[in-house]
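Spelled out, the chains give:
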Amino acid sequence: MAPPLPSPSTAPPGLIHSAPGLPDTCALPQAPAAATMSGPAAETPSAIQICRIMRPDDANVAGNVHGGTILKMIEEAGAIISTRHCNSQNGECCVAALAQVERTDFLSPMCIGEVAHVSAEITYTSKHSVEVQVHVMSENILTGTKKLTNKATLWYVPLSLKNVDKVLEVPPVVYSRQEQEEEGRKRYEAQKLERMETAWRNGDIVQPVLNPEPNTVSYSQSSLIHLVGPSDCTLHGFVHGGVTMKLMDEVAGIVAARHCKTNIVTASVDAINFYDKIRKGCVITISGRVTFTSNKSMEIEVLVDSDPVVDNSQKRYRAASAFFTYVSLSQEGKSLPVPQLVPETEEEKKRFEEGKGRYLQMKAKRQGQAEPQP
């Protein structure tokens, strides 16, 4: 675990704004932690911190910050540090594009008025990808209390500015211990295999159903259609990964609220896989449906399809997918039972059993981590 990053009050002069027009958002260079760089890259910090105060438009009606808002900040930090690193050596200029977000748990809710501290560091590089690990702390600026709210691992690939379909090579990092490189390689192979396993679902679509019954998949399934504009995109014309994740979380939240009819919050996000870039001018459809419910949580599958309406040469395609887990809360913030899903079709029953398998697997993993080590 890397040492805690300094707070903005102790930051060195010359801080860099990570988002023009957001004076309360800054990206602070930090000292290298898990990995260090050699050659020209040595001057490029391998860790940064983004800070921003949470406003009313970042939260739901209960005052809890949307999971999508936090995911967007996580991606911004990852994009900054990975793009810096990929341009740290002389060569073709590039921008780092998000390829995958591994499972991230929302450990504690964040509220309006708290300050989010998003710390990101590069922990592994392969020939064509960068692993960035991110920690999010919330700070109550009235009491000074801080708590860990999120941990996430993101994978980026460098795309040439001359041709965004061309993936460039990543400058290597130098590890302080040989074990760090070996552990990183194992994580790289695991996420690569997981992406291959999810690719077969790309033909799956969410179909509307007339007059659905309560607690069925069709009753709560929802879709959002969004025209991709310049404000959604990088300077190079394709959508920020954080924008896509925020829209996915919004749709998942609508599905969860419709199913429970209570206040709901994001508990975790399974791996978010990005299969292809979404370009400016495309119309994207974000669809969500409940796939599994336990006593206290519900799993929601979210699919993102892109339709290049101004380009007749390209057909509609699957751009991203993920599984979100939500919990139902009372007005006092206490956990409530979740209405049990009633799968109707064979496909829905199959998805329910697959979701149950993921739930039991993660439950066993958490219990194993909680057991004291001998």
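For clarity, every value in this text was computed on a predicted model and none was experimentally measured.

With that out of the way, let us pick up the overall build of the protein. Helix and strand counts for the protein stand at five helices and 16 strands. Per-residue burial for the protein yields a buried fraction of 49% across its 374 residues. For the protein, the proportion of contacts with a sequence separation of at least 24, taken over those separated by at least 6, is 73%. Surface exposure of the protein reaches about 18,400 Å², of which carbon and sulfur atoms provide 55%.

The side chains of a regular strand alternate, residue by residue, between the two faces of the sheet. Of all eleven residues that make up strand E13 (residues 283-293), ten are buried, and the element is covered over most of its length. Bridge count between strand E10 (residues 222-227) and E13: six bridges; the pairing is antiparallel. By the bridge assignment for E13, His-226 is matched with Ile-284. In terms of strand pairing, E13 meets strand E14 (residues 298-307) through ten bridges, oriented antiparallel. Paired with Val-283 across the strands is Asp-307, a residue of E14.

This part takes up the UniProt feature "active site" (unreviewed entry) in the protein. The positions UniProt marks with the feature "active site" (unreviewed entry) are Asn-60 and Asp-249. Judged by maximum C-alpha separation, these annotated positions cover 190 residues in sequence but sit close together in space, the widest gap being only 12.1 Å. Take Asn-60: it is sitting in the loop between strand E3 (47-53) and helix H1 (67-86). Contact partners of Asn-60, with chain neighbours within four places excluded, come to His-66, Asn-263, Ile-264 and Val-265. Among the structural elements, Asp-249 can be located in helix H4 (residues 241-260). In contact with Asp-249, other than residues within four places in its own chain, are His-66, Gly-67, Gly-68, Thr-266, Phe-324 and Tyr-326.

Despite not being glycine, Asn-215 shows a phi value in the positive range, around 70 degrees. Within the element layout of this structure, Asn-215 appears in the loop between helix H2 (178-198) and helix H3 (217-220). In this structure, Lys-261 is a non-glycine residue whose phi angle is positive, near 60 degrees. Along the chain, Lys-261 turns up in the loop between H4 and strand E11 (263-269).

Moving on, we come to H1. Count 3.6 residues to each turn of an α-helix, and residues three or four apart come out pointing the same way. Look at H1: 28 Å from first C-alpha to last across 20 residues, which is about the 28 Å you get at 1.5 Å a residue. For H1, a buried count of 17 out of 20 residues is recorded, marking the element as mostly surrounded by other parts of the structure.

We now examine the pattern of salt bridges. Summed over the entire model, instances satisfying the criterion amount to 17 salt bridges. One salt bridge connects Glu-250 with Lys-246, and the closest N-O pair in it is separated by 3.2 Å. With a gap of four residues between them, Glu-250 and Lys-246 both fall in helix H4, about one helical turn apart. Put simply, Glu-346 and Lys-349 hold a salt bridge, and the shortest N to O gap is 4.0 Å.

Quick look at the packing of H1 against H4 now. Across the interface, H1 lies against H4 with an axial gap of 8 Å and an inter-helix angle of 165 degrees. Taken as axis vectors, H1 and H4 run roughly antiparallel relative to one another. Judged by the sense of rotation from one axis to the other, the crossing of H1 with H4 is right-handed. In this structure, H1 contributes Gly-67, Gly-68, Thr-69, Leu-71, Lys-72 and Glu-75 to the contact, and H4 contributes Gly-241, Gly-242, Val-243, Met-245, Lys-246 and Asp-249. Of the residues contributing to the contact of H1 with H4, the split by class is three nonpolar, five polar and four charged.

Let's shift gears to the nonpolar core. Counting residues in each nonpolar core, the largest one holds 73 residues, and the members touching the most others are Met-248, Ile-300 and Phe-324. For this core, the two domains that each supply at least three residues are domain 1 (45-197) and domain 2 (209-369).

This paragraph deals with the pairing of strand E4 (residues 94-101). Most of E4 sits out of view: eight of its eight residues are buried. Pairing geometry for E4 and strand E12 (residues 272-274), over two bridges, is antiparallel. The partner of Gln-100 across the bridge, within E12, is Asn-273.

So, about the confidence of the model for the protein. Here the protein averages 84 in pLDDT, while 85% of its residues score no lower than 70. Low pLDDT, under 50, characterises residues 30-34; the predicted model gives this stretch 18 contacts beyond four residues in sequence or across chains.

Our focus in this paragraph is the state of the cysteines. Note: disulfide means a covalent bond formed between the sulfur atoms of two cysteine side chains. With the rule as written, the count across this model stands at zero disulfides. In this structure Cys-86 is a free cysteine whose sulfur lies 4.8 Å from that of Cys-94, the closest cysteine sulfur available. A relative accessible area of 7% means that Cys-86 is categorised as buried.

So, about the packing of aromatic side chains. By the definition in use, this model includes six aromatic pairs. For the pair Tyr-124 and Trp-155, a centre-to-centre distance of 6.3 Å together with 70 degrees between the ring planes defines the contact as edge-to-face. Of the two residues, Tyr-124 is situated in strand E6 (residues 115-125) and Trp-155 in strand E8 (residues 146-160); the sequence distance between them amounts to 31 residues. Across this residue pair, the class does not change: Tyr-124 and Trp-155 are buried.

About the thresholds
Residues numbered from 1 in each chain as written. Predicted model: local features only at pLDDT ≥ 70, side-chain atom pairs only at ≥ 80, totals over all residues. Heavy atoms only, no water. Helix = DSSP H or I, 4+ residues; strand = E, 2+ residues; numbered from the N terminus. Buried < 20%, exposed > 50% of the residue type's maximum accessible area, 1.4 Å probe, protein only. Contact = heavy atoms within 4.5 Å. Areas by Shrake-Rupley, 256 points an atom, 1.4 Å probe, with all protein chains shown as cover. Pairing = 2+ DSSP bridges. UniProt positions renumbered as here; feature names shortened; annotations may be inferred. Expected span 1.5 Å × (residues − 1). Salt bridge = Lys/Arg side-chain N within 4 Å of Asp/Glu carboxyl O. Axes fitted to C-alpha atoms, helices over the stretch in contact; angles between N-to-C directions. Parallel < 35°, antiparallel > 145°, perpendicular 65-115°, else oblique. Left-handed = near helix turned anticlockwise from the far one by under 90°. Nonpolar A, V, L, I, M, F, W, Y, C, P; charged D, E, K, R; others polar. Core = buried A, V, L, I, M, F, W, Y, C linked by side-chain atoms within 4.5 Å. Domains from an automatic or database assignment. pLDDT = per-residue confidence, 0-100. Disulfide = S-S within 2.5 Å. Phe/Tyr/Trp six-rings, centres within 6.5 Å; stacked < 30°, edge-to-face > 60°.

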